[in-house]
Number of protein chains: 2
Amino acid sequence: MMGMSLRHALLGLLADRPASGYDLIHRFKESLANVWPATQSQIYTELTKLADAGEITVSDEGPRGRKEYTITPAGLADLRHWLTEVAPKPITRNETLLRVFFLDALTPAEAITYLTTLESRSAAALAELLTLESAIDWTANPFSTNGHIALEWGKRFYRMNQEWAEWAKQQVT
Amino acid sequence: MMGMSLRHALLGLLADRPASGYDLIHRFKESLANVWPATQSQIYTELTKLADAGEITVSDEGPRGRKEYTITPAGLADLRHWLTEVAPKPITRNETLLRVFFLDALTPAEAITYLTTLESRSAAALAELLTLESAIDWTANPFSTNGHIALEWGKRFYRMNQEWAEWAKQQVT
DNA sequence: TCGTTCATGTAAGACGTTACATGATTGT
DNA sequence: ACAATCATGTAACGTCTTACATGAACGA
């Protein structure tokens, strides 16, 4: 009972509208994949737990055993509590940066290669987000404003990374 | 056998110089805490595994059961392989950003409060890094160049976050 | 002598990943 | 008929956190 972010991610999606586990898997892929990836296995398991805890209920059953879940008042209260009262854990683990500490174990040329790779990967990731941004109709649904704010973070993040990697190369030289 | 970053973090520190588990716990706190936190429990467990795998050896034993570990050629080869051949996993899970997707479940005023809190927390974190930066003698040890490059990343990261949060508030309004 | 620091280890439980397993329904 | 998609679930394994447990050595 420490992390529980997946729990609240599911509540957040169900607060928008009811959905089945199968629906939620796809909604994760579409919108949350970049900030909180989750597997099929994890989602089904967590939905069962949430139903047991009374935060969601099976509101409808369809063909092929489909179960549609709806958020309960208790679930909504939990979501709102998490959003307003619980401080988000700052990001810590960063594999990319961890390696930077050990660049001494490489030759200067190898270190430069590492940083150059980071630079171009950031550039590629940024380009991908820009493509995504222009492909989406940002006026369509209520999620879109928030989704756009999150995407803007990504753009700034990759731009920052790219510039930093370029700067870092000069430090190593 | 998927993550293994702790394994390589330990190898990286031991590549600099031999150390005991106890030493490594403190070195983690000093230098790696912000990029790859590890607990006492985890470190001792992993050192035993690394010794069993032949990547490190007990090179000395001291009072109070102290065991000093030294990296082996096999361990160094593994470290270098990890640094040059294994692509670092990009950061994904971001609790702060996850919440942004669900800001609709709050009132506009509450959403603004959330973003304002992010902004001031980023500002505080940046100030802390700037203090740290001026307190350290960056010419002292070989780790310092790399440590400084990592710290610069942190500065840019928090600055970016702060500016983004400010921008995001205007979007919500 | 007595508190602090040094020093190592184990156990329980949450969370995450990968793989396995099954089957109904729909469209061609 | 057959393939693709819809749809849900379990098992094994690895990592991470928290807590428990123990004791030697040092300094005042």
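A.B. asks: With reference to specific residues and values, describe helix 3 (residues 40-52) of chain A.
C.D. replies: All names here are of chain A. Compared with the 18 Å implied by 1.5 Å per residue over 13 residues, the 19 Å span of helix 3 between its first and last C-alpha is a close match. When we look at burial in helix 3, the residues that qualify are Ile 43, Glu 46, Leu 47 and Leu 50. Axial view of helix 3: buried residues confined to an arc of 110°, hence all on one face. Elements that come into contact with the buried residues of helix 3 comprise helix 1 (5-16), helix 2 (21-32), strand 2 (56-61) and strand 3 (67-71).

A.B. asks: Give a description of the packing of aromatic side chains that names residues and reports values.
C.D. replies: Applying the stated criterion to the full structure yields seven aromatic pairs over all chains. Ring geometry for A:Trp153 versus B:Phe157: centroids 6.3 Å apart, planes at 85°, classification edge-to-face. Remark: B:Phe157 occurs in helix 7 (residues 143-172) and A:Trp153 occurs in helix 7 (residues 143-172); the pair is interchain, linking two chains. B:Phe157 shares its class with A:Trp153; the two are buried. Aromatic ring contacts, followed pair by pair, group A:Trp153, A:Phe157, A:Tyr158, B:Trp153, B:Phe157 and B:Tyr158 into a single cluster. Geometry around B:Trp36 places A:Arg93 over its ring, the cationic atom sitting 5.4 Å from the centre. Of note, A:Arg99 hangs over the ring of B:Trp82, and the distance from its end group to the ring centre comes to 4.0 Å.

A.B. asks: Outline the interface of chain A and chain B, listing residues and values.
C.D. replies: Contacts between chain A and chain B engage 59 residues on the former and 59 residues on the latter. For the pair chain A and chain B, the two sides together bury roughly 6,400 Å², of which 69% comes from carbon and sulfur. Here chain A and chain B share two salt bridges between them. A salt bridge links A:Arg80 to B:Glu110, with the nearest nitrogen and oxygen atoms 3.1 Å apart. Counting the contacts that link chain A with chain B gives 24 residue pairs in polar contact (both at pLDDT 80 or more). Counting only elements with at least two residues in the side of chain A that touches chain B, the list comes to helix 1, helix 2, helix 4 (73-84), helix 5 (95-101), helix 6 (108-135) and helix 7 of chain A.

A.B. asks: I'd love a proper account of the layout of surface pockets, names of residues and values included.
C.D. replies: Empty pockets left among the atoms are what a rolling probe the size of a water molecule brings to light. Of the voids in this model, the largest pocket is the one considered here, and its volume is about 1,300 Å³. Surrounding the largest pocket, 47 residues form its lining, B:Ala33, B:Asn34, B:Val35, B:Leu129 and B:Leu132 being those nearest its centre. Among the elements of the structure, helix 5 of chain A together with helix 1 (5-16), helix 2 (21-32), helix 5 (95-100), helix 6 (108-135) and helix 7 of chain B are those that each provide at least two residues to the lining of the largest pocket. Counting residues per element, the lining of the largest pocket draws most heavily on helix 7 of chain B, which supplies eleven residues. Taken together, the residues that form the lining of the largest pocket break down as 26 nonpolar, twelve polar and nine charged. Volume-wise, the second largest pocket comes out at about 950 Å³. If you trace the second largest pocket, you find 38 residues lining it, with A:Glu30, A:Ser31, A:Asn34, A:Leu132 and B:Phe101 closest to the centre. When contributions to the lining of the second largest pocket are tallied by element, the ones reaching two or more residues are helix 1, helix 2, helix 6 and helix 7 of chain A.

Parameters and conventions
- Starting afresh in each chain, residues are numbered from 1 along the sequence in its written order.
- Chain labels run from A onward and ligand labels from 1 onward, assigned in the order the entries are written.
- Residues qualify for local features only when their pLDDT is at least 70, as the model is predicted, and side-chain atom pairs are given and counted only at 80 or more; totals for whole chains, interfaces and linings, by contrast, use all residues.
- The basis for every side-chain value is the complete set of heavy atoms in the structure, and neither hydrogens nor water enter the calculation.
- Put simply, DSSP marks the helices as runs of H or I at least four residues long and the strands as runs of E at least two long, and each gets a number from the N terminus on.
- Expected span, for any helix, means 1.5 Å times one less than how many residues it has.
- Working definition: with a 1.4 Å probe on protein chains only, accessible area under 20% of the residue-type maximum means buried, over 50% means exposed, and in between means partly exposed.
- Along the arc lie the directions from the helix axis toward the C-beta atoms.
- We call two residues in contact when some of their heavy atoms are within 4.5 Å.
- The aromatic pairing rule takes the rings of Phe, Tyr and Trp, using the six-membered ring of Trp, and pairs them if the centres are within 6.5 Å, calling planes under 30 degrees apart stacked, those over 60 edge-to-face and the rest tilted.
- Any Lys NZ or Arg CZ found within 6 Å of a ring centre and within 35 degrees of that ring's normal is scored as a charge over the ring.
- Buried surface area refers to the total accessible area, computed with a probe of radius 1.4 Å, that the two partners give up upon joining, counted for both partners together.
- The working definition used for a salt bridge is a side-chain nitrogen of Lys or Arg within 4 Å of a carboxyl oxygen of Asp or Glu.
- Think of a polar contact as two N or O atoms within 3.5 Å of one another; within protein, one of them needs to be a possible hydrogen donor and the other a possible acceptor, and neighboring residues in sequence only count if both atoms come from side chains.
- Here a cavity means grid points, on a 1 Å grid over the protein atoms only, where a 1.4 Å probe fits yet cannot get out; a pocket means an open set of points with protein on both sides within 12 Å along at least five of seven lines; lining residues are those with an atom within 4 Å of a point.
- Grid points are joined across faces, edges and corners, and a volume is the space filled by probe spheres set on the points.
- Residues are grouped as follows: Ala, Val, Leu, Ile, Met, Phe, Trp, Tyr, Cys and Pro are nonpolar; Asp, Glu, Lys and Arg are charged; every other residue, Gly included, is polar.

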